[in-house]
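Coordinate inspection notes
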Amino acid sequence: MESKNKIFTVLLQLCLFAVVIAEDPYLFYDWKVTYGDVSPLGVATKGILINGEFPGPKINCTSNNNIYVNVFNELDEPLLFTWNGIQQRKNSWQDGLPATNCPIPPGKNWTYKFQVCAFHDPWRVGECKIHGGWVIFGWVSQVKDQIGSFFYFPTTGLQRAGGGMGMMQVHSRDLIPVPFDRPADEFAVLVGDWYNKGHKTLKSILDSGRSIGFPDGVHINGKFGKVGGGSPPMFTVEKGKTYRYRVCNVGMRLSVNFRIQGHDLKLVEMEGSHTVQNVYDSLDLHVGQCMSVLITADQAPADYHFVVSSRFTKKALSTVAVIRYSGSKGSSDSGAIPPPPPENSRGIAWSINQFRSFRWNLTASAARPNPQGSYHYGKINITRTIKVVNARYQVNGKLRFGINGVSHVDGETPLKLAEYFGVGDKVFKYDVMKDEPTGQDEQKASLAPNVVNATFRNFVEIVFENHERTIQTWHLDGYAFFAVAVEPGRWSPEKRKNYNLEDAVSRHTIQVYPNSWAAVMTTLDNAGLWNLRSEMRERAYLGQQFYFSVLSPARSLRDEYNILPDQPLCGIVKGLPLPMPYSGA
Ligand SMILES: *[C@@H]1O[C@H](CO)[C@@H](O)[C@H](O)[C@H]1NC(C)=O
Ligand SMILES: *[C@@H]1O[C@H](CO)[C@@H](O)[C@H](O)[C@H]1NC(C)=O
Ligand SMILES: *[C@@H]1O[C@H](CO)[C@@H](O)[C@H](O)[C@H]1NC(C)=O
Ligand SMILES: *[C@@H]1O[C@H](CO)[C@@H](O)[C@H](O)[C@H]1NC(C)=O
Ligand SMILES: *[C@@H]1O[C@H](CO)[C@@H](O)[C@H](O)[C@H]1NC(C)=O
């Protein structure tokens, strides 16, 4: 016993020493969240501001930074933020969804604490961490850092329709090579559709069982512009220099296409992966997706338009923002606005072809084995296939959306907390939804918390099959997946021979075209409760989502962090004693 204690003390001292020399930097943010007038389409609406800003402040950080965001909720409704695409290793406690966190009540504050995306899985030999008062000691060597472009948004109610979203950009650490020269500057570009009605009205429409219908317009960074409309420049560039534009679609439902008058787009990054650097005239960007493009200011000094237009809609919505070369007088005489890609069924073929041109730059990734622990994802045997079929339903006369006949509902107790406190069975059942739809699943839905019991470290294939006439986009929290195929028609096991098993992009959001399917693969090696959702907010709000419950059988801190002592508790776990914490080995 005595000698054990002694070993522990020595280890602890080693750890404390290592922490002192190796601790990653901390970034602290204070966010005051309030209502305020915003007018992304020129019409004033009650929006959601962060420190008076819409879009919200940018989180600019470097992999492994520790981020503390102290959120003061000055709204009159509960509030949660999620960090779309940030991989929260072992830490679904900070994922900010109604099933993982109790919302911050009006008038209160709470601090999100997470490390951007260090994939110490497992940790470096001898590496130590302090987490929630625990000292954690790592012993196996494998490290990978997350980099890239992401965004945050509020997940409570339909608040995303009111704003509260902003860019997160994660830079590579100094020693890690980036596959392109450092750009002269970087621009955050949040684009998306917008409704002028305001998020509370929109929510009440959904609560009454109807659809919120078609958006009123599209915006760029909360602004609307017309060619010749005299808008001040949004971006200023110098001739001869190259700029990185990080573009995210933060809208509610519409896919968009973006392009720049007179300039090529060189794609370099997509949702955290460096891509093969192809050059495009324009790019399709679906809800929830982010891309980085490099643009060289190589034209005559003038004003040029950054154009965003909706895709696959009968009525095309569009907007422009001005890119001004410094020193130019601001003439708009820079030629015609570039046309959108073809629409209708030809447009889908165009867009699918573009998807197929997206490849992961394996050389650029060599320094960083992917989080799933292998490049050769094509050689891993699939242990489970889940086929996700989206459908819309009428349940008791009200509009609902669901997957395989189940429409998810959130309750008062976050499912993750109920599970952790050992009272999960009072709140939800596992596997209400089957891995494949059966018979009536596209006609009839049941309402229930939708939790899939996943086996830790299983290599899963998720097939999204869309039988509807509208495009879908899907997002998985806590992981990146390999987006191996997007094709028209129905999926069948033989289609696996069409998968890209070499250099599919590792990302977290995938589109599924009308009457088409998409397949992704990932290893469920990140313990926690992780949301798989429609990125279309109306659909997610009305039930088109589920959670993977990924439990480490070892109940070990190596696999999942303990809940932090300051985590607010609500519903049936309020006042319950903390369960036995996970242990350090
Ligand atoms: C963002 O972070 C990068 C890397 O940490 C740094 O070089 C850059 O100056 C930062 N930019 C801003 C606007 O803070
Ligand atoms: C609330 O904000 C105060 C003041 O910044 C801070 O000291 C406190 O830790 C915050 N509370 C939580 C739960 O984050
Ligand atoms: C991939 O990354 C490597 C190494 O960073 C870089 O040299 C190369 O140009 C990139 N290849 C492509 C096709 O983008
Ligand atoms: C995958 O499955 C095949 C066929 O069942 C088997 O022969 C092979 O050893 C498995 N590979 C791995 C890596 O488990
Ligand atoms: C979840 O699945 C595992 C096997 O993967 C099984 O051992 C466990 O009992 C299941 N849990 C529930 C609650 O169904």
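If you check an unreviewed UniProt entry, the protein chain appears there as Pollen-specific protein from Genlisea aurea. As recorded by UniProt, the Sequence similarities (unreviewed entry) comment attached to the protein chain reads in full: "Belongs to the multicopper oxidase family."

1. Describing the pattern of salt bridges
Going through the model one piece at a time under the given rule, you end up with 21 salt bridges. The salt bridge partner of D525 is R89, with a shortest N-O separation of 3.3 Å. With D525 in the loop between strand 35 (516-523) and strand 36 (528-534) and R89 in the loop between strand 5 (81-84) and strand 6 (109-115), this pair connects stretches of sequence that are 436 residues apart. On the accessibility criterion, R89 (7% relative accessible area) is buried. For the salt bridge of K241 with E238, the shortest nitrogen-to-oxygen distance reads 3.4 Å. E238 gets classed as partly exposed once you look at its relative accessible area, which sits at 39%. Within the structure, one salt-bridge network assembled from shared partners comprises R457, R558 and D559.

2. Focus: the sheet that holds strand 4 (residues 66-73)
Within a sheet, neighbouring strands are paired by backbone hydrogen bonds and run either parallel or antiparallel to one another. Strand order in this open sheet of four strands is 2-1-4-6, and the pairing throughout is mixed. Where the open sheet ends on each side, the last strands, each with one partner, are strand 2 (45-50) and strand 6. This sheet shows a mean twist of 20° between the axes of neighbouring strands, independent of strand direction. Alignment of strand 1 (residues 26-38) against strand 2, held across six bridges, turns out to be antiparallel. Bridged to Y35 within strand 2 is I48.

3. Looking at the site of ligand 3
Taken together, P179, V276, Q277, N361 and A364 make up the full set of residues near ligand 3. Backbone polar atom of Q277 to an oxygen atom of ligand 3: 3.0 Å apart, as the coordinates give it. Between ligand 3 and N361 there is a distance of 2.3 Å, counted from an oxygen atom to a side-chain nitrogen or oxygen. The residue makeup of the shell around ligand 3, split by class, is three nonpolar, two polar and no charged.

Rules used in this analysis
- Residues numbered from 1 in each chain as written.
- Chains lettered and ligands numbered in written order.
- Predicted model: local features only at pLDDT ≥ 70, side-chain atom pairs only at ≥ 80, totals over all residues.
- Heavy atoms only, no water.
- UniProt positions renumbered as here; feature names shortened; annotations may be inferred.
- Salt bridge = Lys/Arg side-chain N within 4 Å of Asp/Glu carboxyl O.
- Helix = DSSP H or I, 4+ residues; strand = E, 2+ residues; numbered from the N terminus.
- Buried < 20%, exposed > 50% of the residue type's maximum accessible area, 1.4 Å probe, protein only.
- Pairing = 2+ DSSP bridges.
- Axes fitted to C-alpha atoms, helices over the stretch in contact; angles between N-to-C directions.
- Near = heavy atom within 4 Å.
- Polar contact = N/O pair within 3.5 Å; in protein donor to acceptor, adjacent residues only side chain to side chain.
- Nonpolar A, V, L, I, M, F, W, Y, C, P; charged D, E, K, R; others polar.

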